[in-house]
Amino acid sequence: MDKKLHVLVIDDDISILKVLKNILVSREYEVTLAMSGKEGLEKLKEEIPHLIILDIMMPEMDGYEVCRRIRKNPTLKHLPIIMLSGKGEIADEIEGWRIGIDEYLIKPFDIEELVAIIGGIIKRTYLGIDANPLTKLPGNNSIREEINQRIEQKNPFAACFIDLDNFKAFNDHCGFDKGDEAIKLTAGVIINTIHKIGVEEDFIGHIGGDDFVVITHPDRVEAICREIINEFNKMIPGLYSEEERQEGFIVSLNRKGEREEFPIMTISIGVVTNKKRNLTHLAEVSTIGSELKEYAKTFFGSNYIVDKRHEEEKEFSPQDEILKKGSILLVDDNQDICTILSMGLKNEGYRIITAQTGTDALSRIKEGLFNVVLLDIKLPDMNGLEILKAIKQDDPSIIVIIITGHGSIEVAIEALRYDAYDYLAKPLDMEKVKVTIKRGIQHQRLEAKNKELIHNLTKKNIDLNQKIEEVLMLNKSLQALYLGTMAALVSTIEAKDCYTRGHSDRVTDFAVSIAKELSLLEHEQELIRYACQLHDIGKIGIRDYILNKIEELTQEEWDEIKLHPTRGAEILKPLGFLEPGIPFIEHHHERYDGNGYPQGLTMEDIPLGARIIAVADSFDAMISDRAYRKAKSVDEAILELKQNAGKQFDPIVVEAFLKVREKF
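All of the points below concern the structure found in this document. Computed from a predicted structure; not experimentally measured. Going along each chain's sequence as written, the residues are numbered from 1 onward. In view of the model being predicted, local features appear only for residues whose pLDDT reaches at least 70, and side-chain atom pairs are presented and counted only at 80 or more, with totals across whole chains, interfaces and linings using the full set of residues. Only heavy atoms go into the side-chain values, all of them from the structure, while hydrogens and water stay out.

1. As for the overall build of the protein
Secondary structure elements follow DSSP: runs of H or I of four or more residues count as helices, runs of E of two or more count as strands, with numbering from the N terminus. Across its full length, the protein carries 26 helices and 17 strands. Throughout, exposure labels follow a simple rule: accessible area from a 1.4 Å probe, protein chains only, divided by the maximum for the residue type, with under 20% read as buried, over 50% as exposed, and the rest as partly exposed. Classification of the 664 residues of the protein by burial places 50% in the buried group. Pairs at least 24 apart in sequence give 66% of the contacts found in the protein among residues at least 6 apart. To be clear on the numbers: accessible area is Shrake-Rupley with a 1.4 Å probe, and residue cover counts the displayed protein chains and nothing else. A total accessible area of about 31,600 Å² is found for the protein, and carbon and sulfur atoms account for 51% of it. Contact definition: two residues touch when any of their heavy atoms are within 4.5 Å.

Following this line, the structure appears as structure tokens:
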């Protein structure tokens, strides 16, 4: 139960409101006041209390009408109501009992009696098996009653079974208080959605934990599901730390007691409807809803699945539809590596096939379907790039992850250009292998679903706005996965040099703050954020000894360093959604006076995003240790920025940075 019990008092007498508030607050209750029936009903949309104290005589809408509306609302009808009357006539009391009040008191009332009645009613209501004490939403009894009633009435209805994904990991990692916050946030999202686009007859119930039920009309259900998903996805990241939001996951123990990366919580909804089939009992609704919900969980991100089967297709077997865990082809001429990988991945439930040559690998691919190919770049009979091209030509949807040994970075970059999903360096880290494969299969399923949606749009052209919205949501998820892959590559670069770990994150913080100070639009700030995270990705092709060299670089080594902005731009060109931000990466080493690289651009010819990154990048480099020098102090770095404003740096950008630097 909440730390404080919540009471809503509705009375047009200000003196009564003040007295009740003072009394109840002194007894550790949380109190909300409303001076009219209409205001009271609006307050109920904002938050559901544990109990309502309601005056009969009020202007515009009397207490009877308020009570009738509350009892008519399936989500609010369980709330206990104490009615206050200044007249004390028997007819008033009878009417109150008739419309469903829980207690009737005559003014002036005895304070201690009122407090005792409030405590007794709340205890009876919330320690029973019905209303959930955390969310104050109707519990299992009310849910069963509501579904049975809809079945008996035989009117069209849709029951949404709602569940959070990765909630247990979040609860274990962050603690029960944070877990309760997540549950209350979810309840708030659902309640606000029904208030926004639902009707009074719609029902919201809380089964327990992170499981909820919404009952509505089939014609409204998909709009409600989309709104719940949209609002949940906007709000849930607020429960995570900035670092967790940036990484997109938390590390917690799985059910085997092993450490595992769990993505930020999403929401899955299974929808059962009697629109096309005759539902006859509660168990049938519950079983189908649970199975659909589990089916929704097999896809990446937040999703809803609506049961659209006809009566003749009544038996629902998601086992026939849910994609298998995944099938993997391991291609490596080292038998020991194949054996180790096979053992580790079979324990995760994957189907594993191995091949020691390129010829054998291509033959295996023609024989059966594979989700993922783990491909060694060096094989005895074929070059790995040739195999990659052949795989992609035959089936572009197959996820190919390159395995490379030392000295193969350039080849790995070439493989990425030929649409390899990722690369892993030997010696292999089994946990990283598992995470990369899992992310790749999620990517594959998103691509497949995206293609399916686009195909259906072209073929049927029905419910166009809904489908476009779904495609956009999926594309955003795909973008996040692409960016995650690129960010992983940047982390690989930074891991080469102990002096640059966290550099991209710090540069991002500095640059976004500068962009906000310059009043750039939100989408421009977002482009700068992405560009900062990836601004050094071109260094992936630079040899380690150059990046970590203590002595002065030779001209040849310096020329190689200066290629990294152009290489970074080339690597990122296939990501169309990043196109406007790629010039920021390509030109972040240009100088305001034209003496930079790669093109020697000057002043406003340098994209503004690149000028911002240049200041943020240089400042972080100055205050960080490097292999060839010690860090400068913040004051020394600021002085150098000022001295070079108008030469190396845009003076307006420097001025904006100086205004926001106190944040850091």
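Back to the write-up after that little detour.
2. Regarding the nonpolar core
We call a set of buried Ala, Val, Leu, Ile, Met, Phe, Trp, Tyr and Cys residues a nonpolar core when their side-chain atoms join them within 4.5 Å. Among the nonpolar cores identified, the biggest contains 60 residues, and Ile52, Leu54, Ile162, Met265 and Ile269 are the most heavily contacted of them. When residues in this core are grouped by element, the largest group, 8 residues, is from helix H8 (residues 176-197). Counting residues in each nonpolar core, the second largest holds 56 residues, with Leu385, Ala511, Ile537 and Ile613 among its members.

3. A closer look at a negative patch on the surface
A cluster of acidic residues, Glu243, Glu247, Glu261, Asp505 and Asp509, forms a negative patch at the surface. Of all elements in the fold, only helix H10 (242-247) and helix H18 (503-517) reach the threshold of two or more residues within the negative patch. With respect to the secondary-structure elements, Asp505 resides in helix H18. Note that patches include only residues with greater than 30% relative accessible area and no salt bridge, and the join distances are 9 Å for like charges and 5 Å for nonpolar side chains (Val, Leu, Ile, Met, Phe, Trp, Tyr). By convention in these notes, a salt bridge is any Lys or Arg side-chain nitrogen within 4 Å of a carboxyl oxygen on Asp or Glu. Two residue types count as positive, namely Lys and Arg, and two as negative, namely Asp and Glu; His and chain ends fall outside the count. By convention, the point assigned to a charge is CZ for Arg, NZ for Lys, CD for Glu and CG for Asp.

4. Describing helix H12 (residues 335-346)
Between its first and last C-alpha atoms H12 spans 16 Å; for 12 residues at 1.5 Å apiece the expected length is 16 Å, and the two agree. Residues Ile337, Cys338, Leu341, Ser342, Gly344 and Leu345 constitute the buried set of H12. Between N or O atoms, a polar contact is any pair within 3.5 Å; within protein, one atom must be a potential hydrogen donor and the other a potential acceptor, and residues adjacent in sequence are included only when both atoms are from side chains. Taking the backbone nitrogen of Asp336 as reference, a side-chain oxygen 2.9 Å away marks Asn334 as the first, capping residue of H12. Here, expected helix span is obtained from the residue count minus one, scaled by 1.5 Å.

5. Examining the packing of aromatic side chains
Two rings from Phe, Tyr or Trp (for Trp, the six-membered ring) form a pair when their centres are within 6.5 Å of each other. A pair whose planes differ by under 30 degrees is stacked, one over 60 is edge-to-face, and the rest are tilted. Tallying each qualifying case throughout the model produces 5 aromatic pairs. Here the aromatic rings of Phe510 and Phe657 are separated by 6.0 Å at their centres, their planes lie at 80°, and the arrangement is edge-to-face. Of this pair, Phe510 sits in helix H18 while Phe657 sits in helix H26 (residues 651-660), and the two are 147 residues apart along the sequence. Of the two residues, Phe510 and Phe657, neither departs from the other in class, the shared state being buried. An aromatic cluster of at least three residues, connected via ring pairs, comprises Phe510, Phe619 and Phe657.

6. Points about the sheet that holds strand S3 (residues 51-55)
Taken in spatial order, the 5 strands of this open sheet run S2-S1-S3-S4-S5, and their pairing is parallel. Both edges of this open sheet fall to strand S2 (29-34) and strand S5 (103-106), since each of them pairs with a single strand only. Across this sheet, the average inter-strand angle for adjacent strands is 20°, counted without regard to direction. Paired strands, as defined in this entry, are two strands with at least two bridges between them according to DSSP. Bridge count for strand S1 (residues 5-10) against S3 is 4 bridges, and the pairing is parallel. Between N-to-C directions, angles span 0 to 180 degrees; the directions come from axes that are lines fitted to C-alpha atoms, helices contributing only their stretch in contact.

7. Here we look at the sheet that holds strand S7 (residues 203-208)
Pairing between sheet strands relies on hydrogen bonds along the backbone, with the strands arranged either parallel or antiparallel. Sheet architecture is open: 5 strands sit in the order S7-S8-S6-S11-S12, paired in mixed fashion. Every interior strand has two partners, whereas the edge strands, S7 and strand S12 (303-306), have only one. Sheet twist, expressed as the average angle between the axes of neighbouring strands with direction ignored, equals 20°. Across 6 bridges, the pairing between strand S6 (residues 158-165) and strand S8 (residues 211-216) is antiparallel. When the bridges of S8 are listed, Asp163 appears paired with Asp211. With respect to the sheet, helix H11 (residues 282-297) is in contact with S6, S8, strand S11 (266-273) and S12, its orientation differing from that of S11 by roughly 145°.

8. A look at unusual backbone geometry
Cis geometry is found at the peptide bond from Lys426 to Pro427, where omega equals -5°. Within the element layout of this structure, Pro427 appears in the loop between strand S17 (422-425) and helix H16 (430-460). Cis rather than trans, the peptide bond between Tyr597 and Pro598 has omega equal to 15°. Within the secondary structure, Pro598 is located in the loop between helix H23 (582-586) and helix H24 (608-622). Even without being a glycine, Glu28 presents a positive backbone phi close to 75°.

9. Structural notes on the packing of H18 against H24
Relative to each other, H18 and H24 sit at 135°, their axes nearing to 9 Å. Overall, the two elements H18 and H24 adopt an arrangement that is oblique. As for the relative orientation of H18 and H24, their crossing is right-handed in sense. Across from His503, Arg506, Val507, Phe510, Ala511, Ile514 and Ala515 in H18, the residues of H24 making contact are Ile612, Ile613, Val615, Ala616, Asp617, Phe619 and Asp620. Of the residues contributing to the contact of H18 with H24, the split by class is 10 nonpolar, 1 polar and 3 charged. Working rule for angles: under 35 degrees goes down as roughly parallel, over 145 as roughly antiparallel, 65 to 115 as roughly perpendicular, anything else as oblique. Two helices that cross are described as forming a left-handed crossing if the nearer one is turned anticlockwise from the farther one by less than a right angle, and a right-handed crossing if clockwise. Each residue is assigned to one class: nonpolar for Ala, Val, Leu, Ile, Met, Phe, Trp, Tyr, Cys and Pro, charged for Asp, Glu, Lys and Arg, and polar for all the others, Gly among them.

10. Description of helix H2 (residues 37-46)
Considered for burial, the residues of H2 that qualify are Gly37, Gly40, Leu41 and Leu44. For H2, the buried positions fall inside an angular range of 100° around the axis, keeping them on one side. Turning to H2, the residues buried within the fold contact S1, S2, S3, helix H3 (63-72) and H8. Throughout, the arc means the angular range of directions from the helix axis out to the C-beta atoms.

11. With respect to the pairing of strand S9 (residues 249-253)
The alternating pattern of S9 places Ile250 and Ser252 on a buried face, while none of Phe249, Val251 and Leu253, on the opposite face, is buried. Two elements, S9 and strand S10 (residues 259-263), share 5 bridges in a ladder whose sense is antiparallel. The residue bridging Phe249 from the neighbouring strand is Pro263, located in S10.

12. Let's talk about the packing of H18 against H26
Geometrically, a packed helix pair is captured by the angle between its two axes and the distance between the axes. Running from N to C, H18 and H26 point in directions that differ by 105°, and their axes come no closer than 9 Å. Between H18 and H26, the angle is such that the two are roughly perpendicular. Side by side, H18 and H26 meet where Phe510, Ser513, Ile514 and Glu517 of the first sit next to Val653, Ala656, Phe657, Lys659 and Val660 of the second. Classifying every residue of the contact of H18 with H26 gives 6 nonpolar, 1 polar and 2 charged.

13. Details of the pattern of salt bridges
Tallied over the entire structure, the rule returns 39 salt bridges. Where Arg68 meets Glu95, a salt bridge forms, and the shortest distance between an N and an O atom there is 2.9 Å. With Arg68 in helix H3 and Glu95 in helix H4 (residues 90-99), the pair connects residues that are 27 residues apart, well separated along the chain. Ionic pairing is found between Asp163 and Lys297, a salt bridge with its closest N-O pair at 3.2 Å. Within this pair, whereas Asp163 is found in strand S6, its partner Lys297 is found in helix H11, the two being separated by 134 residues in sequence.

14. Concerning the pairing of S3
The buried count for S3 comes to 5 of 5 residues, which makes it a mostly enclosed element. Both faces of S3 are covered, namely the face carrying Leu51, Ile53 and Asp55 and the face carrying Ile52 and Leu54. Bridging between S3 and strand S4 (residues 81-85) involves 4 bridges; their strand directions are parallel. Bridge pairing links Leu54 to Met83 in S4. Seen with its strands pointing away from the viewer, a crossover is right-handed when the path leading from the first strand over the helix to the second is clockwise. This β-α-β element, S3 to H3 to S4, shows right-handed connectivity.

15. Here we look at the side chain of Thr135
One can find Thr135 in the loop between helix H5 (111-126) and helix H6 (140-153). On the basis of relative accessible area, Thr135 is assigned to the buried category, the value being 7%. At 2.8 Å, the side chain of Thr135 forms a polar contact with the side chain of His206. Among residues more than four places away in sequence, those in contact with Thr135 are Ile183, Ala187, His206 and Phe212.

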